[in-house]
Amino acid sequence: MCIGALHPQTARGQAKARVLVIGGGVGGATAAKYLALGSEALAVTLVEPKAQYTTCFFSNLYLAGLRSLESLTHGYETLEQRYGVKVVHDSVTAIDPEAKNVSLEGGAKLSYDRVVLAPGIGFKVGAIDGYDDAATQIMPHAWTAGPQTRILREQLESMEDGGVFVLVVPPDPFRCPPGPYERASLIAYYFKQYKPRAKILILDAKDSFFAQDVFEDGWNRHYPGMIEWLPGQFTGGIKAVDVKGRLVKTAGDTFKADVANVIPAQEAGRLAQQAHLVDQSGWCPIDPMTFESKLQPGIHVIGDAAKAGNMAKSAFASNSQAKVCAFAILAALTGSERFAPHLFNTCFTVLASDDAVTSAISYSADPETIKVNDFFLSKVGDNAWIRREAVHQADGWYAAFTHDIFG
Ligand SMILES: Cc1cc2nc3c(=O)[nH]c(=O)nc-3n(C[C@H](O)[C@H](O)[C@H](O)COP(=O)(O)OP(=O)(O)OC[C@H]3O[C@@H](n4cnc5c(N)ncnc54)[C@H](O)[C@@H]3O)c2cc1C
């Protein structure tokens, strides 16, 4: 199925234009699919090191025992077999915008006409003293899904009843603004059933958070007395960890954890930093109409790594950006119709097995930035039936959304 006409430059008999998509997460896999679907005049290659991708979204349900990790794991076979995307399982180590090629860890080089880069997030090195790669094995961040999420679940399972779970929340901007608070809710859901004397302590870098009244209302109704949230003005920021002692140190205090989940400050994924695609903010400035980098022409950046105005760093937003980017590249390379960008974010956040809240945002984009256009968020006092229905809708959304990404 093709929706793009052949551009004179890529007419029959000429070599196909090569689009290289780096990163097979939400943004990259969506872009690869829609580029390949859009025109037979493109040769689309997706480079991703992992054979399978585990979604961060719904990984909090796994921590609660409500989903298996396998049910959140997806392969690339359909992208290859149905859509003709060439999938290369390797890591890109460098991008050369002059020579228009990329180097792979395995030693090969791949040439391109356009790149779509979707490397996700990286963690700011040294943001929390003592929190290095080795520390993630004892105090997992679980902010990329897979082995890290499994470690955290195993630690929660082996924690004694009456233990303290400490959740360290990073400063803005970070991947999935409601994510840490959904995590606290769903771990409380698990504790309520199996370790009812356990406590959850949230050490935040911020003084307020997304949908705070809705979360606090849910915590009071479902888990009274179990969750304590300490804002940045109280903690003074999270300064250090002592992995051996399972200690988390803030500006003025030291907290002893039985299980610690440390989510550090974030920036665009490492490759974006190495390829000089980031500005002082640590994120990649882009043209909102096409997601082409403002720093390197011919390279588009989508997903969490992009500096996309007021858009949240979310899977839904990444998928929406990927489509805008794919259509812009199709227009540039095949002469297909140009579309005005339509950007959206929808999110289901689960507070308990029968209580989910929803948010939906539409954005308007101009050549300078992306702004919120319209906004809906569940409210304190919503009818219980609506919240229960939202749990079922979330399940349906997950199935449809991952089908849209991976085929
Ligand atoms: C706990 C949690 C809950 C969440 N819940 C939701 C939710 O309910 N709804 C929602 O919309 N969003 C949610 N999110 C956010 C969502 O998961 C991310 O915003 C989304 O995954 C971002 O997509 P991405 O493509 O930018 O990055 P990713 O999905 O992280 O993909 C990046 C990919 O790039 C690859 N890569 C990195 N470097 C290289 C390289 N050098 N070469 C090749 N490949 C590379 C990686 O292997 C990875 O597969 C949640 C996140 C968390 C942590």
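Checked against the element boundaries, Val380 lands in the loop between β24 (370-377) and α10 (384-406). A C-alpha to C-alpha distance of 7.0 Å links Val380 and Asp213, two positions 167 residues apart in sequence.

Attention now moves to the pairing of strand β1 (residues 17-22). Counting buried positions over the six residues of β1 gives five, a clear majority of the element. Here β1 runs beside strand β9 (residues 114-117); their pairing, made up of four bridges, is parallel. Residue Val21 lies in a different strand from β9, and its bridge partner there is Val116.

Now for the site of the ligand. Taken together, 34 residues form the shell around the ligand, and within it Gly27, Glu48, Tyr53, Arg175 and Asp304 come nearest. One of the side-chain N or O atoms of Tyr53 is found 2.4 Å from an oxygen atom in the ligand. The separation between an oxygen atom of the ligand and a polar main-chain atom of Phe316 is 2.9 Å. In isolation the ligand offers 1,000 Å² of accessible surface; the protein chains occlude 93% of this area. Listing elements by their share of the shell around the ligand, those giving two or more residues are α1 (26-38), α2 (59-63), α9 (315-334) and β22 (343-352). Examining the composition of the shell around the ligand, we find that three residues originate from one element, α9, more than from any other. Classifying every residue of the shell around the ligand gives 17 nonpolar, 10 polar and seven charged. Both of domain 1 (8-123 + 267-340) and domain 2 (135-264) provide at least three residues apiece to the shell around the ligand.

Turning to the nonpolar core, a few remarks are in order. By size, the foremost hydrophobic cluster in this structure holds 119 residues, and its most contacted members are Leu35, Ile95, Phe191, Ile202 and Trp219. Looking at this core element by element, the count peaks at 10 residues for α9. Built from parts of two domains, this core gets at least three residues from each of domain 1 (8-123 + 267-340) and domain 2 (135-264). If we ignore the near neighbours within four places in the chain, the residues touching Trp219 are Tyr181, Ala184, Ser185, Ile202, Phe209, Pro224, Ile227 and Trp229. Residues Met139, Ile238, Phe255 and Ala257 belong to the second largest nonpolar core, which totals 16 residues.

All right, on to the packing of helix α4 (residues 147-158) against helix α5 (residues 179-194) then. One way to put it is that α4 packs onto α5 with a least axis distance of 11 Å and a crossing angle of 35°. Regarding α4 and α5, the two cross each other, and that crossing is right-handed. Of the residues in α5, those in contact with Leu152, Arg153, Leu156 and Glu157 of α4 are Arg183, Ile187, Tyr190 and Phe191. Tallied by class, the residues present in the contact of α4 with α5 amount to five nonpolar, no polar and three charged.

Helix length check: α10 (23 residues) gives 34 Å between terminal C-alpha atoms against 33 Å at 1.5 Å per residue, within 8%. Within the sequence span of α10, burial applies to Arg387, Ala390, Val391, Ala394, Trp397, Tyr398, Phe401, Thr402, Asp404, Ile405 and Phe406. By the N-cap criterion, in which a side-chain oxygen at the helix start approaches the backbone nitrogen of a residue two or three places on, α10 is capped by Asn383, the distance to Trp385 being 2.7 Å. Two residues or fewer after α10 comes Gly407, characterised by a positive phi angle close to 100°.

Spatially, β6-β7-β8 is the arrangement adopted by the three strands of the open sheet, whose pairing is antiparallel. Two strands lie at the open edges of the sheet, namely β6 (92-96) and β8 (109-111), each paired on one side alone. Across the sheet, the mean angle separating the axes of adjacent strands is 20° when strand polarity is ignored.

This part covers the sheet that holds strand β14 (residues 238-242). Read from one edge to the other, the open sheet built from three strands follows the order β14-β15-β16, with strand pairing classed as antiparallel. This sheet does not close on itself; its edge strands, each paired only once, are β14 and β16 (254-256). Taking each pair of neighbouring strands and ignoring which way they run, the sheet shows an average axis angle of 20°.

So, on to the domain arrangement of the protein. Interface size is commonly expressed as the accessible area that is lost once the parts come together. What the domain assignment reports for the protein is domain 1 (8-123 + 267-340) and domain 2 (135-264). Once you take the C-alpha centre of each, domain 1 and domain 2 turn out to be 31 Å apart. Facing 20 residues of domain 1, the contacting portion of domain 2 comprises 23 residues. Summed over both partners, the interface of domain 1 with domain 2 comes to about 1,900 Å²; 66% of that surface belongs to carbon and sulfur atoms. A per-residue breakdown of the area domain 1 buries against domain 2 is headed by Asn60, Leu63 and Phe123, which together make up 35% of the total. When the shortest N-O distance is used, the salt bridge between Arg150 and Glu70 registers 3.6 Å. Where domain 1 meets domain 2, there are six residue pairs in polar contact (both at pLDDT 80 or more). Of all the secondary-structure elements, those providing two or more residues to the side of domain 1 that touches domain 2 are α2 and β10 (121-123). With five residues, the single largest contributor to the side of domain 1 that touches domain 2 is α2.

Calculation rules
- Residues numbered from 1 in each chain as written.
- Predicted model: local features only at pLDDT ≥ 70, side-chain atom pairs only at ≥ 80, totals over all residues.
- Heavy atoms only, no water.
- Helix = DSSP H or I, 4+ residues; strand = E, 2+ residues; numbered from the N terminus.
- Buried < 20%, exposed > 50% of the residue type's maximum accessible area, 1.4 Å probe, protein only.
- Pairing = 2+ DSSP bridges.
- Near = heavy atom within 4 Å.
- Polar contact = N/O pair within 3.5 Å; in protein donor to acceptor, adjacent residues only side chain to side chain.
- Areas by Shrake-Rupley, 256 points an atom, 1.4 Å probe, with all protein chains shown as cover.
- Nonpolar A, V, L, I, M, F, W, Y, C, P; charged D, E, K, R; others polar.
- Domains from an automatic or database assignment.
- Core = buried A, V, L, I, M, F, W, Y, C linked by side-chain atoms within 4.5 Å.
- Contact = heavy atoms within 4.5 Å.
- Axes fitted to C-alpha atoms, helices over the stretch in contact; angles between N-to-C directions.
- Left-handed = near helix turned anticlockwise from the far one by under 90°.
- Expected span 1.5 Å × (residues − 1).
- Buried area = accessible area lost by both parts, 1.4 Å probe.
- Salt bridge = Lys/Arg side-chain N within 4 Å of Asp/Glu carboxyl O.

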